[in-house]
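Chain by chain, the residues run as shown.
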Amino acid sequence: MSDEELPPMEPSLQSILDQKSLRWIFVGGKGGVGKTTTSCSLAIQLAKARESVLLISTDPAHNLSDAFNQKFGKEATKVNGFDNLSAMEIDPNGSIQEMIESAGDQGGSNPLGGMMQDLAFSIPGVDEAMSFAEVLKQVKSLSYSVIIFDTAPTGHTLRFLQFPTVLEKALGKISQLSGRFGPMLNGVLGGMGGGAGGVEEMMAKMESMREVIGEVSKQFKDADLTTFVCVCIPEFLSLYETERMIQELGNYGIDTHSIVVNQLLFPKKGSQCDQCMARRKMQKKYLEQIEDLYEDFNVVKCPLLVEEVRGKDKLESFSQMLVTPFVPPAED
């Protein structure tokens, strides 16, 4: 097909707002590129187009509270100034820690808990997997039209997306241990006055998580229901991370066709700032690479701002650039 037959992709996230079938939207990228600003801004725009929106942070840094100047926790809370936008921040280690603690007795000694802790943390990504499984169990009982995930930096996000496989491995290991040591451990715990049946309880809990994960994992691989928005800045390491992430998302069968490029510099005409001009020259080089590599993506370009994007008003202003392409000043 020729270029004339195939129009260029719009430099906007409007297509995400228009795709009413979307249920899950991930926002991810290297640390410090503006993921949280982008996810909050996208949530604001989606709140105008959808009945109800839930924004969830799975990043241990938890920046949603800072972005909106409002405290969020592990329960969904309405964002001030919005009727149909809620947010929550999940502790990535919280769910697995609770499960470990519930596996043993209520006293000081906890042989089963210690064993489970060693087992759990020996499996890469199991903390994110179980945390996410708990979130999904909560979210499934809620009736939000669309859920946006402000994810942890790239490495964590890619592990995060492996969670169905990770949890299967964890279940396999615990099942194996349960068969070999379960009766002995339950006898020990029962003799200590608490926790009898702890292995079976943990197996049952993880099995219920696995069922939820299996169901949602299918949805993640459905481009009608799920998409991933990559956020980057025009620098080598960020571009490298973005390409790695896009390749991995393809391997997992997860749709991605949108990139937000943040912190673009546009020196004023006739600027005498050597650093500004040199940086702009570098950015233009990487922008050209982005446009060549991702010509079939919606590439949104956002300028470097002089103030932090914090609070409802500034986030709403920034969110406009996600749907209405920013027009830079003319350059020399």
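Parameters and conventions
Residues numbered from 1 in each chain as written. Predicted model: local features only at pLDDT ≥ 70, side-chain atom pairs only at ≥ 80, totals over all residues. Heavy atoms only, no water. Disulfide = S-S within 2.5 Å. Buried < 20%, exposed > 50% of the residue type's maximum accessible area, 1.4 Å probe, protein only. Helix = DSSP H or I, 4+ residues; strand = E, 2+ residues; numbered from the N terminus. Expected span 1.5 Å × (residues − 1). Arc of directions from axis to C-beta. Contact = heavy atoms within 4.5 Å. Pairing = 2+ DSSP bridges. UniProt positions renumbered as here; feature names shortened; annotations may be inferred. 1 Å grid on protein atoms, 1.4 Å probe; cavity = no way out; pocket = protein on both sides within 12 Å on 5 of 7 lines; lining within 4 Å. Points joined across faces, edges and corners; volume = space filled by probe spheres on them. Nonpolar A, V, L, I, M, F, W, Y, C, P; charged D, E, K, R; others polar.

**Student:** It is not clear to me how the state of the cysteines should be interpreted in this structure. Could you clarify?
**Tutor:** Covalent bonding between the sulfur atoms of two cysteines defines a disulfide. Going through the model one piece at a time under the given rule, you end up with one disulfide. Between the sulfur atoms of C273 and its disulfide partner C276 the distance amounts to 2.3 Å. Here the S-S torsion is close to 70 degrees, and the disulfide linking C273 with C276 is therefore right-handed. Looking at C273, the relative accessible area reads 25%, which means it is partly exposed.

**Student:** It is not clear to me how helix α11 (residues 274-293) should be interpreted in this structure. Could you clarify?
**Tutor:** Every α-helix winds through 3.6 residues per turn, so residues three or four apart in the chain are directed the same way. Compared with the 28 Å implied by 1.5 Å per residue over 20 residues, the 29 Å span of α11 between its first and last C-alpha is a close match. Every buried residue of α11 is accounted for by R280, Q283, Y286, L287 and I290. With its buried residues spanning 135 degrees around the axis, α11 presents them on a single face. Across from the buried face of α11, at angles greater than 90 degrees, the exposed residues are D274, K281 and D292. In the core, the buried residues of α11 are packed alongside β6 (226-232), α10 (236-252), β7 (258-264) and β8 (298-303).

**Student:** Where do I start with the environment of S258 in this structure?
**Tutor:** Residue placement: S258 occurs in strand β7. Spatially, the C-alpha atoms of S258 and F228 are 7.3 Å apart, while their sequence positions differ by 30 residues. Contact partners of S258, with chain neighbours within four places excluded, come to L13, I16, F228, V229, C230, F297 and N298.

**Student:** What is the right way to read the sheet that holds strand β2 (residues 53-57) from this model?
**Tutor:** What links the strands of a sheet is backbone hydrogen bonding, and the strands pair in either a parallel or an antiparallel sense. Pairing is mixed across the open sheet formed by eight strands, whose spatial order is β3-β4-β2-β5-β1-β6-β7-β8. Two strands in the sheet have a free side with no partner beyond their single neighbour: β3 (77-78) and β8. The pairing of strand β1 (residues 24-28) with β6 spans five bridges and is classified as parallel. Its bridge partner being in β6, W24 is matched across the sheet by T226.

**Student:** It is not clear to me how the UniProt feature "binding site: Zn(2+)" (unreviewed entry) in the chain should be interpreted in this structure. Could you clarify?
**Tutor:** Here the UniProt-annotated "binding site: Zn(2+)" (unreviewed entry) positions come out as C273 and C276. Along the chain, C273 falls in the loop between β7 and α11. In this fold, C276 is placed in helix α11. Ignoring anything within four residues of it in the chain, the contact list for C276 reads L265 and P267.

**Student:** Whenever I open this one, the UniProt feature "binding site: ATP" (unreviewed entry) in the chain confuses me. Can you help?
**Tutor:** Taking the numbering used here, the UniProt-annotated feature "binding site: ATP" (unreviewed entry) corresponds to K30, G31, G32, V33, G34, K35, T36, T37, E235 and N262. Considering only the annotated residues already named, the ones lining the largest pocket are G31, G32, V33, G34, K35, T36, T37 and N262. With respect to the helices and strands, V33 occurs in the loop between β1 and α2 (35-49). Taking the relative accessible area as the measure of exposure, V33 reaches 1% and is therefore buried. Residue classification places T36 among the buried residues on the basis of a relative accessible area of 12%. Once you skip the residues sitting within four places of it in the chain, T36 turns out to touch N63, L64, A67 and D150.

**Student:** Please explain the layout of surface pockets as it appears in this structure.
**Tutor:** To find the voids left in a structure, one rolls a probe of water-molecule size over its atoms. The calculated volume of the largest pocket comes to roughly 530 Å³. As for the largest pocket, its lining consists of 22 residues, of which V33, G34, K35, T37 and Q263 are closest to the centre. Elements that contribute at least two residues to the lining of the largest pocket include exactly α2, α3 (64-68) and β7. Looking at the lining of the largest pocket element by element, the count peaks at three residues for α2. Residues of the lining of the largest pocket, tallied by class, amount to eight nonpolar, eight polar and six charged.

**Student:** Help me out: how do you make sense of α2 in this one?
**Tutor:** In this model α2 runs 21 Å from its N-terminal to its C-terminal C-alpha over 15 residues, within 8% of the 21 Å that 1.5 Å per residue would give. In terms of residue burial, α2 counts as a mostly covered element, since 13 of its 15 residues are buried.

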